[in-house]
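# Inside the fold
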Amino acid sequence: MAAPGWLTPRRRSATARSVLAGEASAEAARKTALTEPAGPESAPTSGPESGPESAPQAPPEPEFPVAGDDLAAAFFDLDNTVMQGAAIFHFGRGLYKREFFRRRELARFAWQQAWFRLAGVEDPDHMQDARDSALSIVKGHKVSELMAIGEEIYDEYMAERIWPGTRALAQAHLDAGQKVWLVTAAPVETATIIARRLGLTGALGTVAESVDGVYTGKLVGEPLHGPAKAEAVRALATAEGLDLERCAAYSDSHNDIPMLSLVGHPYAINPDTKLRKHARAHDWRLRDYRTGRKAVKVGVPAAAGVGALAGGAAAAIALHRRRR
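Residues numbered from 1 in each chain as written. Predicted model: local features only at pLDDT ≥ 70, side-chain atom pairs only at ≥ 80, totals over all residues. Heavy atoms only, no water.

### What to know about the environment of Cys247
Within the secondary structure, Cys247 sits in the loop between helix H8 (227-240) and strand E6 (248-251). Judged by its relative accessible area of 0%, Cys247 is buried. Counting along the chain gives 17 residues from Cys247 to Gly264, while the straight-line C-alpha distance between them is 5.9 Å. Every residue in contact with Cys247, bar those within four places of it in the chain, is listed here: Leu71, Ala72, Ala73, Phe75, Leu242, Val263, Gly264 and His265. (Helix = DSSP H or I, 4+ residues; strand = E, 2+ residues; numbered from the N terminus. Buried < 20%, exposed > 50% of the residue type's maximum accessible area, 1.4 Å probe, protein only. Contact = heavy atoms within 4.5 Å.)

Next comes the structure, spelled out in structure tokens:
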């Protein structure tokens, strides 16, 4: 039997675990996808009048997204692209409120979130640590229980952090009759909740292993990050019969360059320094919805980092005291 296209030698950047994670995420996404994506809005039936005295005009550029193109879809990174901050940290905050873990773990979440907001990029070590913490916390809990709690956490901590500009971009694809998917390292259950709340088609996310509806504390493959995201998009596109050259992808992070490079219409949204440089070098479109154009960067003086950590710790302690 011939090997699938994504296992051929030309894709050496993806490990076997990346492929497994991508395929598992694509399968989970298709199972939970909305069956009725939003249809295109009705377009005006007539354009501006033109008479014999009208000046000649250049032909308009083709509209994008293209309405009615069922071979196209859009893929949106979640953290700092669609939503301010990292979904897994907000999820951890909500679990702490429900006494899933103690203040020591909350302090670690606060530090990781402070780093994410300060640096504006995903640190693989911090993200891995957060995922390991989350897996240990949910081990032994029912998937249905975490899904119900996830709905509440979205309303409490995530809904107000959606970037309106990115949301409008996603809606443009939906209005054109295209499917729109979130692609994130966050748990697929959390990502699916966010996608549904935003009216998107579905979500590709990290798949945690469960047996008889109970989490085992293990992952299927690896976290959906970097090359694994590209594998998930490729697997989903194959299953959905999409033409990746006609698809679009949106992200803030240079870690998602493999995913962005897959599609014909890559967008850098709120880009980090490395992605901004790469996007300009490859003539990719850039959009930035942040105010103040990044008040802090990775090279900020150490005192600012201490201040951010102190603020996160203070918020954690205040939250703890209010719960007593």
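This is not the end of the story, as more comes after the structure.
### With respect to the packing of helix H2 (residues 87-97) against helix H5 (residues 143-158)
Helix packing geometry: the angle between the two helix axes and the distance between the axes. Running from amino to carboxyl end, H2 crosses H5 at an angle of 105°, the nearest separation of the two axes being 9 Å. Classified by the angle between their axes, H2 and H5 sit roughly perpendicular to one another. Within the contact between the two elements, H2 uses Ala87, His90, Phe91, Arg93, Gly94, Leu95 and Lys97 and H5 uses Leu146, Ile149, Gly150, Ile153, Glu156, Tyr157 and Met158. When the residues that make up the contact of H2 with H5 are grouped by side-chain class, the tally is 8 nonpolar, 3 polar and 3 charged. (Axes fitted to C-alpha atoms, helices over the stretch in contact; angles between N-to-C directions. Parallel < 35°, antiparallel > 145°, perpendicular 65-115°, else oblique. Nonpolar A, V, L, I, M, F, W, Y, C, P; charged D, E, K, R; others polar.)

### Structural notes on the environment of Thr216
Its place among the elements puts Thr216 in strand E5 (residues 214-219). Judged by relative accessible area, which is 21%, Thr216 ranks as partly exposed. Spatially, the C-alpha atoms of Thr216 and Ser136 are 9.0 Å apart, while their sequence positions differ by 80 residues. Leave out the neighbours within four places in its chain, and Thr216 touches Lys139, Glu209, Ser210 and Val211.

### A word on unusual backbone geometry
The phi dihedral of Asp212 falls on the positive side, at around 55°, and the residue is not glycine. Residue class for Asp212 comes out exposed when judged on its relative accessible area of 78%. Despite not being glycine, Asp283 has its phi angle at roughly 60°, a positive value. Residue classification places Asp283 among the exposed residues on the basis of a relative accessible area of 70%.

### Overview of H2
Burial within H2 is extensive, with 9 of its 11 residues counted as buried. Every buried residue of H2 is listed here: Ala87, Ile88, Phe89, His90, Phe91, Gly92, Gly94, Leu95 and Tyr96. Backbone geometry just downstream of H2 places Glu99 in the positive-phi region, at approximately 60°.

### As for the packing of aromatic side chains
The full count for this structure, using the stated rule, is 2 aromatic pairs. Summarising the aromatic geometry, the rings of Phe76 and Tyr250 are spaced 4.1 Å apart at their centres and angled 5° between planes, so their arrangement reads as stacked. Of this pair, Phe76 sits in strand E1 (residues 73-77) while Tyr250 is found in strand E6, placing the two residues 174 residues apart along the sequence. Of the two residues examined, Phe76 and Tyr250, each falls in the buried class. (Phe/Tyr/Trp six-rings, centres within 6.5 Å; stacked < 30°, edge-to-face > 60°.)

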